[in-house]
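Overview (structure and organization)
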Amino acid sequence: METGVRVVRVERVERVEQAGYLVHIVGAGGPSALQADAVVLAIPGYAAADALRELDRDMASDLRNVPYVSSVVVGLAYSRADIAHRLDATGIITTDKHEQPIMAVTFLSSKWAGRAPEDGALFRVFMGGAGREETLAMSDPTLISIAERELGKLVGTRGAPRFARVYRHERASAQPVLGHAQRVSRVRAKESTYPGLFVVGAAMDGVGIPDCVRQATDLAKRVLAS
């Protein structure tokens, strides 16, 4: 068994009779293939589709048809004295995308201890999402300016932040649109015909942290039972 292999890209997964799978990759040293008894694809649906396109076109098609959207997170830190709000909550979710240029704000230092000094506060401002793909192309200064302005309206921040960071998440959020349950059922039915192949992740069974924990626990049981 090979360990510590740095994979740059997975090209495809090949079923080998009586020998499991060959995972064709491009690694640091160039193209190669890894032999595996089991393959877990815990990657975006479109990436799993690319890996499975020659193994099973129908399964690949269903995975590729799971829509993904992009988002931006702006991290802002302020001195506590420069914030009017008591921050006695975990955050804010906006309800009208047409009126609000942001989706939500997390009061990170209120939600979890140790995220900021006692005299400071840390925020995450979420933007983009479905219908706002153009947000990803905005410049860092523009995104920071929007985040500062909206925080000022919502929690009464004053002055410049201690620091600001922009994080872009391209095609990172799976969208379980109408028909998703049927699509997942078809993928699971196909998956069952390939012993040792497991497809998990946001494209299948949920996008939140509890979903990740649940899927990981279930996956471990399925792998051990295979």
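To start, this report covers the structure provided alongside it. The model shown is predicted, which means the values in this text are computed figures rather than measured ones.

1. Some words on the packing of helix 2 (residues 57-64) against helix 5 (residues 180-191)
At a minimum axis separation of 9 Å, helix 2 and helix 5 run at an interaxial angle of 150°. One finds that helix 2 runs roughly antiparallel with respect to helix 5. Between helix 2 and helix 5 the crossing geometry is left-handed. Judged by residue contacts, D58, M59, D62 and L63 of helix 2 engage R183, R186, V187, K190 and E191 from helix 5. Across the contact of helix 2 with helix 5, the residue classes tally to 3 nonpolar, no polar and 6 charged.

2. Points about the pattern of salt bridges
Applying the stated criterion to the full structure yields 17 salt bridges. Across the pair K190 and D56 runs a salt bridge whose closest N-O atoms are separated by 3.5 Å. One end of the pair, K190, is in helix 5; the other, D56, is in the loop between helix 1 (45-52) and helix 2, and 134 residues separate them in sequence. One salt bridge in this structure joins R188 and E191, with 3.2 Å as the shortest N-O distance. Here R188 pairs with E191, and both are found in helix 5, just 3 residues apart, close to one helical turn. You can call R188 partly exposed: its relative accessible area is 22%. Residue E191 is classed as buried on the basis of its relative accessible area, which comes to 5%. Overlapping salt bridges, with partners in common, bring together R188, E191, D205, D218 and R222 in one network.

3. Concerning the side chain of Q215
Mapped onto the elements, Q215 comes out in helix 7 (residues 209-225). A polar contact of 2.9 Å, which involves the side chain of Q215, links it to the backbone nitrogen of G201. Among residues more than four places away in sequence, those in contact with Q215 are V200, G201, D205 and G206.

4. Let's talk about the packing of aromatic side chains
Considering all chains together, one arrives at 3 aromatic pairs under this definition. When the ring of Y46 is compared with that of Y68, the centres are 5.0 Å apart and the planes differ by 80°; the resulting orientation is edge-to-face. With Y46 in helix 1 and Y68 in strand 5 (residues 68-79), this pair connects stretches of sequence that are 22 residues apart. Each member of the pair, Y46 as well as Y68, is classed as buried. An angle of 75° between the planes, with centres 6.2 Å apart, marks the rings of Y78 and F123 as edge-to-face.

Here is what the cut-offs are and how they apply
- Residues numbered from 1 in each chain as written.
- Predicted model: local features only at pLDDT ≥ 70, side-chain atom pairs only at ≥ 80, totals over all residues.
- Heavy atoms only, no water.
- Axes fitted to C-alpha atoms, helices over the stretch in contact; angles between N-to-C directions.
- Helix = DSSP H or I, 4+ residues; strand = E, 2+ residues; numbered from the N terminus.
- Parallel < 35°, antiparallel > 145°, perpendicular 65-115°, else oblique.
- Left-handed = near helix turned anticlockwise from the far one by under 90°.
- Contact = heavy atoms within 4.5 Å.
- Nonpolar A, V, L, I, M, F, W, Y, C, P; charged D, E, K, R; others polar.
- Salt bridge = Lys/Arg side-chain N within 4 Å of Asp/Glu carboxyl O.
- Buried < 20%, exposed > 50% of the residue type's maximum accessible area, 1.4 Å probe, protein only.
- Polar contact = N/O pair within 3.5 Å; in protein donor to acceptor, adjacent residues only side chain to side chain.
- Phe/Tyr/Trp six-rings, centres within 6.5 Å; stacked < 30°, edge-to-face > 60°.

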